[in-house]
Amino acid sequence: MENPAFVSDGDAQVTQRGGHEVVRGGESVRGRGSSLPGTESQAEGKSAGLEGGKPAPNDPINLERRVGLLSGVALIVGTMIGSGIFVSPKGLLQRTGSVALSLIVWGACGCLSLLGALCYVELGCMIPSSGAEHTYYQTAFGHLPAFLFAWVSIIILKPAMLAIICLSFSKYLVEAFASECEPPLMAIQLLGALTIVIITFINSYSVTLATKVQNVFTAAKLLAILIIVVGGMVKLAQGNTQYLATGFKGSTNSLGDVATAFYSGLWAYDGWNNLNYVTEELKKPYTNLPRAIIIGLPLVTICYLLVNVSYLAVMSPDELLASETVAVTFGNRVLGWAAFLMPLAVTLSTFGAANGTAFTSGRLCFVAAREGHMVDVLSYVHAKKLTPSPALLFNATIALLMVIPSDIGSLIDFFSFTAWIFYGGAMAALLVMRHTMKEAPRPYKVPIFIPIVVLIISVYLVVGPIIDSPQIEYLYASLFIIAGLIFYFPFVYMKKSLPGMGHVTTFFQLLLQVVPTDVMPDA
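First, a word on scope: everything that follows refers to the structure included in this document. (Residues numbered from 1 in each chain as written. Predicted model: local features only at pLDDT ≥ 70, side-chain atom pairs only at ≥ 80, totals over all residues. Heavy atoms only, no water.)

1. Thoughts on the overall build of the protein
Inference 1: When its secondary structure is counted, the protein shows 20 helices and four strands.
Inference 2: For the protein, the residues scored as buried account for 58% of the 523 residues in total.
Inference 3: When contacts within the protein are restricted to residue pairs at least 6 apart in sequence, long-range pairs at least 24 apart make up 81% of them.
Inference 4: Put simply, the protein shows about 21,300 Å² of open surface, and 67% of that area lies on carbon and sulfur atoms. (Helix = DSSP H or I, 4+ residues; strand = E, 2+ residues; numbered from the N terminus. Buried < 20%, exposed > 50% of the residue type's maximum accessible area, 1.4 Å probe, protein only. Contact = heavy atoms within 4.5 Å. Areas by Shrake-Rupley, 256 points an atom, 1.4 Å probe, with all protein chains shown as cover.)

Right, dumping it as structure tokens:
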């Protein structure tokens, strides 16, 4: 006999979303996880744990609200600050051509990210469900745009980010023990794969453990940044201002170069929207979502600007461009016997960024599957741990496959191009919902000019490089988005399923001990 706790109704996965109800164009679209503020189900959502803590005894199994303000800030800061600022922040300097223009672009990228994040605060408070862009697209535009976003993000972007970060972590960790020669590629790949496995285990085992790991590693990387900033300020106080004094000398005149410089900067800032992927697990979301963003974004922007100034207080622009690991070069010149702290900072920073990336990537996959855009089993959670372990394992599996070729640096341009298509789409969704959901209560409402400005800039960031300097990655990105239609119409729109999928789902449910999020816990 089948255990009802481990059996799902395929139709129910499509038609019942439980939890909250979103009205789109006169049509009621049910969503799972939480509620629109001001609706009748808001009181139910609060009683079920909007403040955080364990759900009531009669609540269905779901993800718990275990992410507080500190963990939310750590998630934003920890995923935004990866290895780039320590290893090779030369992309902006190389493409802008001058010290002053590069610093302006660093600051502008921070301001643009903050403006975009403020728009996401309104979206996240109005629709307090996990999934970020996927949820907002589905509410504003329907299933097809939401599916295409999930298709590209889950299959390519999120696993690629995890693979890139873990390979960076393993590269600099291996180099620490093989300083006299080039580390073997196989060792880097194996350690990168092991890192993915360890991080996936941490996130599958416990949300509390994953957030504690994030908090610790974020604190460690901020300490490393503080060391760099203090060292740089000491050098500036000693009169080492000659490199900063070059100002705008050598600045580029190409708008395409400026756009691609923004790509480099925005890649370093990416992660500002990560808290929206886990809104359902955020304690007091209407309070902590805006607070975490208001704290996290300016903190990262200040860190990036001060670190770049500190580097230029110690080395010339040419030396910065030539350095393989800028922070290590900085440490060797400034820190003396404590120079070992810089390679350690790189490894700690990349591990923390990888952990945050895995945490949020799993939630996107979980939400997409819950809405019928991925196979059902990816929307299940562990019966006891209440972690979305199937989605986490799926993301890790694709990332492991991407570790094999290891040469995936070109995915950064691919990522930036597609990411700003989707960020622009989120701004359009906000503008659409200002008209289609006028009466929906908004605990936070961003000035209307902000999403308009971010939308215009996102269009420029997508179109500018294509016109000025087209790359094959842009074509690949467009074709891959279109390829999602091949899967959408039969499996999502027509709700077809492959033969035997029910048996496969049951097998993984029993193997992983996972259940749908609409079943009641055992008494």
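So much for the structure itself; the text now carries on.
2. Comments concerning unusual backbone geometry
Inference 1: Its identity is not glycine, yet Lys 284 carries a phi of approximately 45°, on the positive side.
Inference 2: Examined against the element boundaries, Lys 284 turns out to sit in the loop between helix 11 (255–269) and helix 12 (285–312).
Inference 3: Not every positive phi belongs to a glycine, and Gln 513 is a case in point at roughly 55°.
Inference 4: Within the fold, Gln 513 resides in the loop between helix 20 (501–512) and strand 4 (514–515).

3. Describing helix 14 (residues 326–334)
Inference 1: Buried within helix 14 we find Val 326, Ala 327, Phe 330 and Gly 331. The buried residues of helix 14 occupy one face: seen down the axis, they fall within an arc of 135°.
Inference 2: In this structure, the buried residues of helix 14 make contact with helix 4 (84–87), helix 10 (207–237), helix 12, helix 13 (317–322) and helix 15 (341–370).
Inference 3: Directly beyond the C-terminal end of helix 14, a positive phi value near 60° is found at Gly 336. (Arc of directions from axis to C-beta.)

4. Notes on a nonpolar patch on the surface
Inference 1: On the surface, Ile 472, Leu 475, Tyr 476, Leu 479, Ile 482, Leu 485, Phe 489, Tyr 493 and Met 494 cluster together to form a nonpolar patch covering roughly 920 Å² of accessible area.
Inference 2: You can see Leu 475 is positioned in helix 19 (residues 472–493).
Inference 3: On the basis of relative accessible area, Leu 475 is assigned to the partly exposed category, the value being 45%. (Patch = residues over 30% accessible without salt bridge, like charges linked within 9 Å, V, L, I, M, F, W, Y side chains within 5 Å. Salt bridge = Lys/Arg side-chain N within 4 Å of Asp/Glu carboxyl O.)

5. Some thoughts on the environment of Ser 83
Inference 1: Following the sequence through the fold, Ser 83 ends up in the loop between helix 3 (69–80) and helix 4.
Inference 2: For Ser 83, a relative accessible area of 15% puts it in the buried group.
Inference 3: A C-alpha to C-alpha distance of 8.8 Å links Ser 83 and Ala 268, two positions 185 residues apart in sequence.
Inference 4: Beyond its immediate chain neighbours, meaning those up to four positions away, Ser 83 contacts Ser 168, Val 346, Ser 349 and Thr 350.

6. Quick word on the packing of helix 10 against helix 14
Inference 1: Between helix 10 and helix 14, the shortest axis-to-axis distance is 11 Å and the interhelical angle comes to 55°. In terms of their interaxial angle, helix 10 and helix 14 are classed as oblique. Two packed elements cross with a definite hand, and for helix 10 against helix 14 that hand is left-handed. Between helix 10 and helix 14, the contacting residues are Ile 228, Gly 231, Gly 232 and Lys 235 on the first element and Ala 327, Phe 330 and Val 334 on the second.
Inference 2: Taken together, the residues of the contact of helix 10 with helix 14 break down into four nonpolar, two polar and one charged. (Axes fitted to C-alpha atoms, helices over the stretch in contact; angles between N-to-C directions. Parallel < 35°, antiparallel > 145°, perpendicular 65-115°, else oblique. Left-handed = near helix turned anticlockwise from the far one by under 90°. Nonpolar A, V, L, I, M, F, W, Y, C, P; charged D, E, K, R; others polar.)

7. What to know about the packing of aromatic side chains
Aromatic rings in a pair are described by how distant their centres are and how their planes are angled relative to each other.
Inference 1: Scanning all chains against the criterion turns up 23 aromatic pairs.
Inference 2: Look at Tyr 137 and Phe 141: their rings are 6.1 Å apart centre to centre, the planes differ by 55°, and that puts the pair in the tilted class.
Inference 3: Judged by relative accessible area, Tyr 137 falls into the buried class, the value being 4%.
Inference 4: Ring centres 5.7 Å apart and planes at 25° place the aromatic pair Phe 201 and Tyr 205 in the stacked group. Of this pair, Phe 201 and Tyr 205 both sit in helix 9 (residues 185–205), four residues apart, roughly one helical turn.
Inference 5: Judged by its relative accessible area of 54%, Phe 201 is exposed. (Phe/Tyr/Trp six-rings, centres within 6.5 Å; stacked < 30°, edge-to-face > 60°.)

8. Regarding the environment of Leu 430
Inference 1: With respect to the secondary-structure elements, Leu 430 resides in helix 17 (residues 411–436).
Inference 2: Overall, the relative accessible area of 0% leaves Leu 430 in the buried class.
Inference 3: Residues Leu 430 and Pro 451, spaced 21 residues apart in sequence, show a C-alpha to C-alpha distance of 7.4 Å.
Inference 4: Not counting residues up to four positions away in its chain, the partners in contact with Leu 430 are Cys 119, Glu 122, Leu 123, Val 446 and Pro 451.

9. A word on the packing of helix 3 against helix 10
Inference 1: Contact geometry for helix 3 and helix 10: axes closest at 9 Å, N-to-C directions at 55°. In terms of axis orientation, helix 3 runs oblique to helix 10. Crossing hand, helix 3 versus helix 10: left-handed. Seen from helix 3, the contacting residues are Leu 70, Ser 71, Ala 74, Leu 75, Val 77, Gly 78 and Thr 79; seen from helix 10, they are Thr 211, Gln 214, Asn 215, Thr 218, Lys 221 and Leu 222.
Inference 2: Considered class by class, the residues forming the contact of helix 3 with helix 10 number five nonpolar, seven polar and one charged.

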